[in-house]
Amino acid sequence: MIAALAFYVFAAILLGSAAGVVTSRNPVHSVLFLILAFFNAAGLFLLAGAEFLALILVIVYVGAVAVLFLFVVMMLDVNFTQLREGYQRYAPIGATVGVILLGELALVIGGWRFLPAARGDGASPIPGALSNTGALGRLIYTHYVFLFQTAGLILIVSMIGAIVLTHRTPHATRRQSIPRQNARTAADTLVVMPAALGAGIKTLGILRPRPEPALVPADEPHEHGVGKPGPGEHG
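Keep in mind the model is a prediction, meaning the values are calculated, not measured.

A few points about the overall build of the protein
Consideration 1: Scanning the protein for helices and strands turns up 9 helices and 0 strands.
Consideration 2: Counting the 235 residues in the protein, one finds 10% classified as buried.
Consideration 3: Considering only contacts within the protein whose residues lie at least 6 apart along the sequence, 44% involve residues at least 24 apart.
Consideration 4: Just so you have it, the protein exposes about 19,900 Å², and 69% of that area is on carbon and sulfur atoms.

Set out below in structure tokens:
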């Protein structure tokens, strides 16, 4: 009786929080509803006797994934208005996919039947002397250890690929190069020119650099020598 009551309570809260994830307009509230859904799903796993899955759900998804989602939503300046601009355009496609998935779930649930002898017909039945966690650990780290390590390598490669794809070095940033500075000599940067008495920079062939016309705002008044030739000068 208590187990059945706990099941209905966990299931009702799980369905309500799942609905809150997709209907909440505030993304922070959506992540909080998701954390609540994870906790209630972990409670359902405990009632089913899968304590390992329940702990993994709390540790991995609540402690890492959901918290990461929360920090990303709160700390990054995400323009959700721009993300929702194409909602009306893709709404028919999304509705079609949703209807197809709903029909497939209805077919699966409608044709499902529970067999009393299904517990002993599994590929790897749980021995009577072992707990659920011990049986999973023995199965994963003995018979399927290579597949388990391969899955870990695939996750590492995907993580590195995501970092490489998203990391962009800004080209406009000026960086300091210590070896190039140490390799410079006075002959590379300093030019000594003989100048006659009273000679100006034009006589020596030195031209004063000017800013490009596109760099001068159109609404600002032009001053002498900035963006507009002064008296006696020709562009």
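That covers the picture; the talk isn't over yet.
Description of the packing of aromatic side chains
Consideration 1: Applying the stated rule across the entire model yields 3 aromatic pairs.
Consideration 2: Seen in terms of ring centroids, Phe7 and Tyr8 are 5.5 Å apart; in terms of plane orientation they differ by 70 degrees. Their pairing is edge-to-face.
Consideration 3: The class for Tyr8 is exposed, based on a relative accessible area of 59%.
Consideration 4: Seen in terms of ring centroids, Tyr141 and Phe148 are 5.2 Å apart; in terms of plane orientation they differ by 70 degrees. Their pairing is edge-to-face.
Consideration 5: Taking the relative accessible area as the measure of exposure, Phe148 reaches 37% and is therefore partly exposed.

Brief notes about the packing of helix H1 (residues 2–23) against helix H2 (residues 27–47)
Consideration 1: Put simply, H1 and H2 touch, their axes get as near as 8 Å, and they point 155 degrees apart. On the basis of their axis angle, the class for H1 and H2 is roughly antiparallel. Classified by chirality, the crossing of H2 by H1 is left-handed. Contacts between H1 and H2 involve Ala3, Ala6, Phe7, Phe10, Ala11, Ile13, Leu14, Ser17, Gly20 and Val21 from the former and Ser30, Phe33, Leu34, Leu36, Ala37, Asn40, Ala41, Gly43, Leu44 and Leu47 from the latter.
Consideration 2: Here the contact of H1 with H2 is built from residues that sort into 15 nonpolar, 5 polar and no charged.

Remarks on the side chain of Ser30
Consideration 1: Positionally, Ser30 belongs in helix H2.
Consideration 2: Residue classification places Ser30 among the buried positions, given a relative accessible area of 13%.
Consideration 3: In terms of polar contacts, Ser30 uses its side chain to reach the backbone carbonyl oxygen of Val21, at 3.2 Å.
Consideration 4: Sequence-distant contacts of Ser30, that is, excluding residues within four places in its chain, are made with Gly20, Val21 and Ser24.

Some details on the nonpolar core
Consideration 1: Val31, Ile35, Phe38, Ala41, Ala42, Ala54, Leu57, Val62, Ala66 and Leu70 form the largest nonpolar core, which has 10 residues in total.
Consideration 2: For this core, the elements supplying multiple residues, two or more each, are H2 and helix H3 (51–75).
Consideration 3: Other than its neighbours up to four places away in sequence, Ala66 contacts Val31, Ile35, Phe38 and Tyr61.

Some details on the environment of Val65
Consideration 1: Structurally, Val65 can be placed in helix H3.
Consideration 2: Separated by 30 residues in sequence, Val65 and Ile35 place their C-alpha atoms 9.5 Å apart.

Brief notes about the confidence of the model for the protein
Consideration 1: The share of residues in the protein with pLDDT of 70 or more is 71%, and the mean pLDDT across the chain is 77.
Consideration 2: pLDDT under 50 marks residues 222–235. Its contacts with residues more than four places away, or in other chains, come to 16 contacts.

Considering a nonpolar patch on the surface
Consideration 1: The grouping of Leu153, Ile156, Met159, Ile160, Ile163 and Val164 at the surface amounts to a nonpolar patch, some 590 Å² of accessible area in total.
Consideration 2: Residue placement: Ile156 occurs in helix H7 (residues 145–166).

Re the environment of Ala54
Consideration 1: Structurally, the position occupied by Ala54 is in helix H3.
Consideration 2: Those residues within four positions of Ala54 in sequence are excluded, and the remaining contacts are Ala42, Phe45 and Leu46.

Some remarks on the side chain of Asn40
Consideration 1: Tracing the sequence through the fold places Asn40 in helix H2.
Consideration 2: Residue Asn40 is classed as buried on the basis of its relative accessible area of 5%.
Consideration 3: Sequence-distant contacts of Asn40, defined by excluding residues within four places in its chain, comprise Phe10, Ile13 and Leu14.

Reading the values: rules and limits
Starting afresh in each chain, residues are numbered from 1 along the sequence in its written order. Given that this is a predicted model, residues contribute local features only at a pLDDT of at least 70 and side-chain atom pairs are listed and counted only at 80 or more, while totals for whole chains, interfaces and linings are drawn from all residues. As a rule here, side-chain values come from all non-hydrogen atoms in the structure, and water together with hydrogens is ignored. By definition, any uninterrupted DSSP run of H or I lasting at least four residues is a helix, any uninterrupted run of E lasting at least two residues is a strand, and each is numbered from the N terminus. Think of it in three bands: with a 1.4 Å probe and only protein chains considered, a residue is buried below 20% of the maximum accessible area for its type, exposed above 50%, and partly exposed in between. Note on definitions: a residue-residue contact is assigned when non-hydrogen atoms from the two residues lie within 4.5 Å. Accessible areas in this description were obtained via Shrake-Rupley with a 1.4 Å probe; residue shielding takes into account the shown protein chains only. Only Phe, Tyr and Trp rings are paired, with Trp represented by its six-membered ring, and only when their centres lie within 6.5 Å; those with planes under 30 degrees apart are stacked, over 60 edge-to-face, the remainder tilted. All axes here are fitted lines through C-alpha atoms, helices being fitted over the stretch that makes contact, and every angle between N-to-C directions spans 0 to 180 degrees. Should an angle fall under 35 degrees it is taken as roughly parallel, and over 145 as roughly antiparallel, whereas 65 to 115 is taken as roughly perpendicular and any remaining angle as oblique. Helix crossings fall into two classes, left-handed where the near helix is turned counterclockwise from the far one by less than a right angle and right-handed where it is turned clockwise. For this scheme, ten residues count as nonpolar: Ala, Val, Leu, Ile, Met, Phe, Trp, Tyr, Cys and Pro. Four count as charged, namely Asp, Glu, Lys and Arg, and the remainder, Gly too, count as polar. Any N or O atom pair separated by 3.5 Å or less is treated as a polar contact, with the protein-specific requirement of one donor-capable and one acceptor-capable atom, and with residues adjacent in sequence counted only for side-chain atom pairs. What is meant by a nonpolar core is a set of buried Ala, Val, Leu, Ile, Met, Phe, Trp, Tyr and Cys residues, joined one to another through side-chain atoms within 4.5 Å. pLDDT is defined as a per-residue confidence score from the predictor, taking values between 0 and 100. Here a patch means residues that are over 30% exposed by relative accessible area and free of salt bridges, tied together within 9 Å if like-charged and within 5 Å if nonpolar (Val, Leu, Ile, Met, Phe, Trp, Tyr). Throughout this description, the term salt bridge denotes a Lys or Arg side-chain nitrogen within 4 Å of a carboxyl oxygen of Asp or Glu.

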